[in-house]
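In case you want the letters, here they are:
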There are 2 protein chains.
Amino acid sequence: MNKLTGDVKGRRVAMVCGVPMDVENCPVRDVMDNIGGKWNSLMILSLADGALRFSELRRLIPDISQRMLTQTLRDLQRDGYISRTVFPTQPPSVEYALTDLGRSLLGLLKHFVDWSVANHGAIRSARGVYDAAS
Amino acid sequence: MNKLTGDVKGRRVAMVCGVPMDVENCPVRDVMDNIGGKWNSLMILSLADGALRFSELRRLIPDISQRMLTQTLRDLQRDGYISRTVFPTQPPSVEYALTDLGRSLLGLLKHFVDWSVANHGAIRSARGVYDAAS
DNA sequence: AGTTGATGGTCTCTTTTTGAGACTTGCTCT
DNA sequence: AGAGCAAGTCTCAAAAAGAGACCATCAACT
C-alpha cells in the first residue's frame, strides 16, 4: 500500500501515486489546471487536425465567448501547448497550432475521448439513479 | 483530414476525433466536467489506494474547504465514480470508495500523472519564456 | 460536571471566474 | 456610402469557489 502523506520542505502533504500533491509544487495540478479548464482540452482537440484561425475556432465552438476564447488561447500558449503566428496580411490573420508538447498532450486526450464515449452511458445512468433517489 | 463540423439535429456543431462536441449531448464534455473540476481528479487519485473517510480526505488534502469537499464528493458520487457508505457507529462514520467506473477512470488519470511529471519541466520553462516576453 | 475534541456536514459572506454583449481599428467588397 | 470581416478589448451581470462560523451527537479528559 502506498504512503498517502509525506513531507515536502517540512510541510505534510498528500502523496498520490508517488507524486506529492503539494499545492505550490505539483506537476499534476499544473497540468490539470490546463486540461481541466472548461475550454482548454476542447481547444487542443479542435486543433488536432491542423492550425486554425481565431474566427475559425469561434465558428467551430459556437458556445464559447470571444473573451474566453482569447483567454484560453493565451493560457495554452503560455504553457507551451499551442503556438500563435501572426501573418502580415491585411487585415492581419492569426493562426493557432499545436506545438510538439500540445500534440503530446493530444495523445492522452484522445484516450479520454475514447473512454468518455465508451462510458458515457454508465455515467448517465448513474446520474439518473442518483437523481431519482434524492 | 477529419471533418471539423457536422450536423446534429439540424444544428451545426464541431466534430473532434469523430465525436460531436455538441453542448448538450457530448460525452467528452460530460467527462471533462468531472475530471476537469479543480478537485475531482485529485479526489479520485486520493482514493486510489482504498476507501477513505470524510475527515481523512480533509486531512489528506489540506487546502480544500469542507464545502468543496462535500460538493466534490457528491458530484463524483452522482456520476458513479465513487460510492458513499455510512456505518452505524457512534458518531456515524462515512466511507468513500472508488466504484468500478471510478477505478476505470483512475487508469486514465495515472497516465496523466506520468505525463505531467515527465513534461512538467517543459511547461514551466514555456511559461518562463512567455512571461519574460510579455 | 465541564471542557475539549472528533464525527460529517450546512450556512452565509466575500472574492474570483465566467459569460453576454457592445465597441474598436483598419481594410475590402458592393 | 454602407456593410462586413479581421482579432481582439471593455464593461457589467451571473455563476462558481473559498473562508470560516455553526450544528448535533457522542467519548474522553480534568
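Residues numbered from 1 in each chain as written. Chains lettered and ligands numbered in written order. Predicted model: local features only at pLDDT ≥ 70, side-chain atom pairs only at ≥ 80, totals over all residues. Heavy atoms only, no water.

A.B. asks: Can you break down the interface of chain A and chain B residue by residue, with the values?
C.D. replies: If you look at the interface, chain A gives 61 residues, while chain B gives 61 residues. Together chain A and chain B conceal approximately 5,600 Å² of surface at their shared face, both sides included; 68% is due to carbon and sulfur atoms. In this structure, the connection of chain A to chain B is made through 10 salt bridges. Across the pair Arg29(B) and Asp63(A) runs a salt bridge whose closest N-O atoms are separated by 2.9 Å. Put simply, chain A and chain B have 14 residue pairs in polar contact (both at pLDDT 80 or more) between them. Secondary structure elements with two or more residues in the side of chain A that touches chain B: strand 2 (11–16), helix 1 (27–36), helix 2 (40–46), helix 4 (66–78) and helix 5 (100–133) of chain A. The residue inventory of the side of chain A that touches chain B, partitioned by class, reads 34 nonpolar, 14 polar and 13 charged. (Contact = heavy atoms within 4.5 Å. Buried area = accessible area lost by both parts, 1.4 Å probe. Salt bridge = Lys/Arg side-chain N within 4 Å of Asp/Glu carboxyl O. Polar contact = N/O pair within 3.5 Å; in protein donor to acceptor, adjacent residues only side chain to side chain. Helix = DSSP H or I, 4+ residues; strand = E, 2+ residues; numbered from the N terminus. Nonpolar A, V, L, I, M, F, W, Y, C, P; charged D, E, K, R; others polar.)

A.B. asks: Go over the protein's contact with DNA strand C, please, and point to the residues and values.
C.D. replies: Around DNA strand C sit 20 residues in total, of which Arg67(A), Ser55(B), Gln66(B), Arg84(B) and Tyr96(B) are the nearest. Sugar plus phosphate: this is where 67% of the atoms of DNA strand C within 4 Å of the protein reside. Interatomic distance of 2.5 Å between a side-chain N/O atom of Ser55(B) and a phosphate oxygen of DNA strand C. At a separation of 3.3 Å, a phosphate oxygen of DNA strand C approaches a polar side-chain atom of Arg74(B). Of all the secondary-structure elements, those providing two or more residues to the surface near DNA strand C are helix 4 of chain A together with helix 3 (54–60), helix 4 (66–78) and strand 6 (93–98) of chain B. Residue contributions to the surface near DNA strand C peak at four residues, all from helix 4 of chain B. When the residues that make up the surface near DNA strand C are grouped by side-chain class, the tally is seven nonpolar, six polar and seven charged. (Near = heavy atom within 4 Å.)

A.B. asks: Please provide a residue-by-residue account of the protein's contact with DNA strand D, values included.
C.D. replies: Near DNA strand D lie 20 residues; those nearest to it are Ser55(A), Gln66(A), Arg84(A), Tyr96(A) and Lys38(B). Sugar plus phosphate, as a fraction of atoms of DNA strand D within 4 Å of the protein: 70%. In the environment of DNA strand D, a phosphate oxygen lies 2.6 Å from a nitrogen or oxygen atom belonging to the side chain of Ser55(A). Within the side chain of Tyr96(A), an N or O atom sits 2.7 Å from a phosphate oxygen of DNA strand D. Of all the elements in the fold, those that place two or more residues in the surface near DNA strand D are helix 3 (54–60), helix 4 and strand 6 (93–98) of chain A together with helix 4 of chain B. For the surface near DNA strand D, the element with the highest residue contribution is helix 4 of chain A, accounting for four residues. The class makeup of the residues in the surface near DNA strand D is seven nonpolar, six polar and seven charged.

A.B. asks: Any details on the nonpolar core? Residues and values, ideally.
C.D. replies: With 66 residues, the main nonpolar core has Tyr81(A), Leu105(A), Phe112(A), Tyr81(B), Leu105(B) and Phe112(B) as its most contacted residues. Contact partners of Leu105(A), with chain neighbours within four places excluded, come to Ile35(A), Ile44(A), Tyr81(A), Phe112(B) and Trp115(B). (Core = buried A, V, L, I, M, F, W, Y, C linked by side-chain atoms within 4.5 Å. Buried < 20%, exposed > 50% of the residue type's maximum accessible area, 1.4 Å probe, protein only.)

A.B. asks: If you had to explain the relation of the copies chain A and chain B to someone new, which residues and values would you point to?
C.D. replies: It takes a turn of 180 degrees to lay chain A on chain B, together with a shift of 0.0 Å along the axis; the resulting RMSD is 0.0 Å. Such a combination of turn and shift is consistent with a two-fold rotation axis. Taking C-alpha positions as reference, the residue of chain A nearest the rotation axis is Gly36(A), located at 1.8 Å. When the interface residues of chain A are mapped onto chain B, 100% of them again fall at the interface, so both copies present the same face. (Least-squares fit on C-alpha atoms with pLDDT ≥ 70 in both.)

A.B. asks: Explain the side chain of Thr72(B) to me, and be specific about the residues and the numbers.
C.D. replies: Residue and element names in this part refer to chain B. Along the chain, threonine 72 falls in helix 4. Taking the relative accessible area as the measure of exposure, threonine 72 reaches 3% and is therefore buried. Not counting residues up to four positions away in its chain, the partners in contact with threonine 72 are Trp39, Asn40, Met43 and Ile64.

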